[in-house]
Amino acid sequence: RRNIVINGAMQVAQRSTSETGLGATSGYHTIDRMRMNLITSGRFTMSQSTDTPDGFSKSLKIDCTTADTSIAADEQIRLNTRIEGQNLQQLKKGTSDAEYVALSFYAKIVGSATDFVVELQDTDNTRQISKLFTFTTSWQRYYFIVPGDTTGAFTDDNNSSLNINFWLHAGSNHTSGTLSTTWTGSQNTDRAAGIDSIVSSTSNEWYMTGLQMEVGSQATPFE
């Protein structure tokens, strides 16, 4: 299959379809494979929504319910999906033939926050690459075309090797550097530079669906 992401259409939510008061505890709260890393005094509801672009029936929704405007250095709200190394061997990472990767997704924002970072995090070799996105109030498809990385192969096993991270809120420990827009060794301060905060206002709502990662330099229709 082309799409390496599991449950990219946000259709499966075996644990729960909605959880309120999130912000203190990291983990898998609602939609399968979509994990939250959380350190914040802000609070939000995470749910499976039926507000979607054409061709989809479900989306992931983050709705701020308690604002956090005094951001401590170590704070973060990071949505991620973890991919096992055995499902990434076709990327040929760490070789001279390393493949381009096309990451695509549909998203929209309601409220005052617009700018968030999407990061590919190689946890086997402590490497990272990121892109800053400015979201609009209508559904759009967004693209992150990532060049092949000739440094560091993924392990061929069932351990997590690559995280797709959506940075929605972060303190200075993650934002005070310069965004890593090329493959680099991991540097915490560069991971989410330039982002707004999903918990800056209770008017903020963020939606996402159709998450796809595939080999190649051009995104294809969602599978």
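Everything numeric here is computed off the predicted structure, so don't read it as measured data.

Before going further, it helps to examine the pattern of salt bridges. Pairing between side chains becomes possible if they bear opposite charge and their charged atoms approach one another. One pass over the full model with this rule turns up 8 salt bridges. Where Lys92 meets Glu99, a salt bridge forms, and the shortest distance between an N and an O atom there is 3.0 Å. What makes Lys92 partly exposed here is its relative accessible area of 37%. Using a relative accessible area of 26% as the deciding quantity, one classes Glu99 as partly exposed. Between Glu119 and Arg191 there is a salt bridge, with its nearest N and O atoms 2.9 Å apart. Placement of the pair is Glu119 in strand 8 (residues 115-122) and Arg191 in the loop between strand 12 (184-185) and strand 13 (205-215), with a sequence separation of 72 residues. Using a relative accessible area of 0% as the deciding quantity, one classes Glu119 as buried.

The 6 strands lie next to each other as 1-4-5-13-7-10, forming an open sheet whose pairing is antiparallel. Each edge of the open sheet carries a strand with a single partner, namely strand 1 (18-22) and strand 10 (140-146). Ignoring which end each strand starts from, the neighbouring axes of this sheet average 20° apart. Relative to strand 10, strand 7 (residues 101-110) runs antiparallel, the two being bridged by 7 bridges. Each bridged residue has a counterpart across the sheet, and for Leu103 the counterpart in strand 10 is Phe144.

One pass over the full model with this rule turns up 14 aromatic pairs. Centre to centre, the rings of Phe133 and Phe135 are 6.1 Å apart; their planes meet at 5°, and the pair counts as stacked. One exposure class covers both Phe133 and Phe135, and it is buried. Ring geometry for Phe135 against Tyr142: centres 4.9 Å apart, planes inclined by 90°, an arrangement best described as edge-to-face. When its relative accessible area of 3% is taken as the criterion, Phe135 is described as buried. One aromatic cluster is present, built from ring pairs that chain together Phe105, Phe116, Phe133, Phe135, Tyr142, Phe144, Phe166 and Trp206.

Here Asn7, not a glycine, exhibits a phi torsion of approximately 65°, which is positive. Its place among the elements puts Asn7 in the segment before strand 1. Even without a glycine there, the phi angle at Thr126 is positive, about 45°. With respect to the element layout, Thr126 can be found in the loop between strand 8 and strand 9 (127-134).

Once that is clear, we can look at the environment of Glu99. Here Glu99 shows up in the loop between strand 6 (76-84) and strand 7. For Glu99 and Gly216, which are 117 residues apart along the polypeptide, the C-alpha to C-alpha distance reads 6.6 Å. Not counting residues up to four positions away in its chain, the partners in contact with Glu99 are Gln90, Leu91, Lys92, Val146, Pro147, Gly148 and Val215. Of the polar contacts made by the side chain of Glu99, one reaches the side chain of Lys92; its length is 3.0 Å.

The biggest cluster of nonpolar side chains holds 46 residues, and the ones touching the most others in it are Phe105, Leu120, Trp206 and Met213. Met213 has contacts with Arg2, Asn3, Ile4, Val5, Ile83, Leu88, Val101, Ala102, Leu103, Leu120, Leu162 and Ile164, leaving out every residue within four places of it along the chain. Counting 7 residues, the second largest nonpolar core, distinct from the first, contains Trp167, Leu179, Ala193 and Ile195.

Let's shift gears to the pairing of strand 13. When a strand is regular, its side chains alternate between the sheet's two faces. The buried count for strand 13 comes to 10 of 11 residues, which makes it a mostly enclosed element. Sheet topology note: the strand 5 (residues 59-66)/strand 13 ladder contains 4 bridges and is antiparallel. Directly across from Lys61, in strand 13, lies its bridge partner Tyr207. Looking at chain direction, strand 7 and strand 13 are connected through 9 bridges and run antiparallel. Opposite Ser104, over in strand 13, you have Gln212 as the bridge partner.

Cut-offs and rules
Residues numbered from 1 in each chain as written. Predicted model: local features only at pLDDT ≥ 70, side-chain atom pairs only at ≥ 80, totals over all residues. Heavy atoms only, no water. Salt bridge = Lys/Arg side-chain N within 4 Å of Asp/Glu carboxyl O. Buried < 20%, exposed > 50% of the residue type's maximum accessible area, 1.4 Å probe, protein only. Helix = DSSP H or I, 4+ residues; strand = E, 2+ residues; numbered from the N terminus. Pairing = 2+ DSSP bridges. Axes fitted to C-alpha atoms, helices over the stretch in contact; angles between N-to-C directions. Phe/Tyr/Trp six-rings, centres within 6.5 Å; stacked < 30°, edge-to-face > 60°. Contact = heavy atoms within 4.5 Å. Polar contact = N/O pair within 3.5 Å; in protein donor to acceptor, adjacent residues only side chain to side chain. Core = buried A, V, L, I, M, F, W, Y, C linked by side-chain atoms within 4.5 Å.

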